[in-house]
Amino acid sequence: MVSADSLFTSHSDQLVALAARHSIPTMYYAREFVAAGGLISYAANFADSYRQAGSYVARILKGEKAADLPVLQPTKFQLVINLKTARAIGTTIPQSMLIRADRLIE
């Protein structure tokens, strides 16, 4: 599992290539890794997080104190699976995961 870290982000292509070369099923923290050839990502939906941040800004601009606003946690997550990579490394993805996936890359 590759967690969120600037080092991993800056070497994303290398990490994806190494996992594929050695047939290591790997889960990533962002869908961009999967789009680059990684196997699976499960992460907060960044677009939704940006919308939440926008609503906070609007509330502050309307006069609410930032210190009085509650801390928000992500509420929407995305599961992205790269089926081409799964086939290449010889991994079978269970049907239950395929049904739950928000996006399948073939």
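Further up the page is the structure itself.
Think of each chain on its own: its residues are numbered from 1, step by step along the sequence as written. Selection of residues for local features in this predicted model requires a pLDDT of at least 70, selection of side-chain atom pairs for listing and counting requires 80 or more, and totals for whole chains, interfaces and linings are taken over all residues. Remark: hydrogens and water are excluded; side-chain values derive from all non-hydrogen atoms of the structure.

(A) Representation of the sheet that holds strand β4 (residues 103-105) in the model. For two strands to count as paired, DSSP must find a minimum of two bridges between them. In this text, helices come from DSSP runs of H or I with a minimum length of four residues, and strands from runs of E with a minimum of two, each type numbered from the N-terminal end. In spatial order, the strands read β1-β2-β3-β4; together these four strands make up an open sheet with mixed pairing. Of all the strands in the sheet, the pair left with one neighbour each is β1 (27-28) and β4. Taken together, the five bridges between strand β2 (residues 40-44) and strand β3 (residues 77-82) define a ladder with antiparallel strand orientation. By the bridge assignment, Ile 40 is partnered in β3 with Ile 81.

(B) Spotlight on the pattern of salt bridges. We count a salt bridge whenever a side-chain nitrogen from Lys or Arg sits within 4 Å of a carboxyl oxygen from Asp or Glu. This model, assessed by the stated rule, comprises three salt bridges. Among the salt bridges present, the one from Arg 51 reaches Asp 48, with a minimum N-O distance of 4.0 Å. Note that Arg 51 and Asp 48 are positioned in helix α4 (residues 46-61) at a spacing of three residues, about one turn of the helix. You can call Arg 51 exposed: its relative accessible area is 53%. Here Arg 59 ties to Glu 64 by a salt bridge, and the two come within 3.2 Å at their closest N and O atoms. The cut-offs for exposure are 20% and 50% of the maximum accessible area for each residue type, with area from a 1.4 Å probe on protein chains only; residues under the lower value are buried, those over the upper are exposed, and the others partly exposed.

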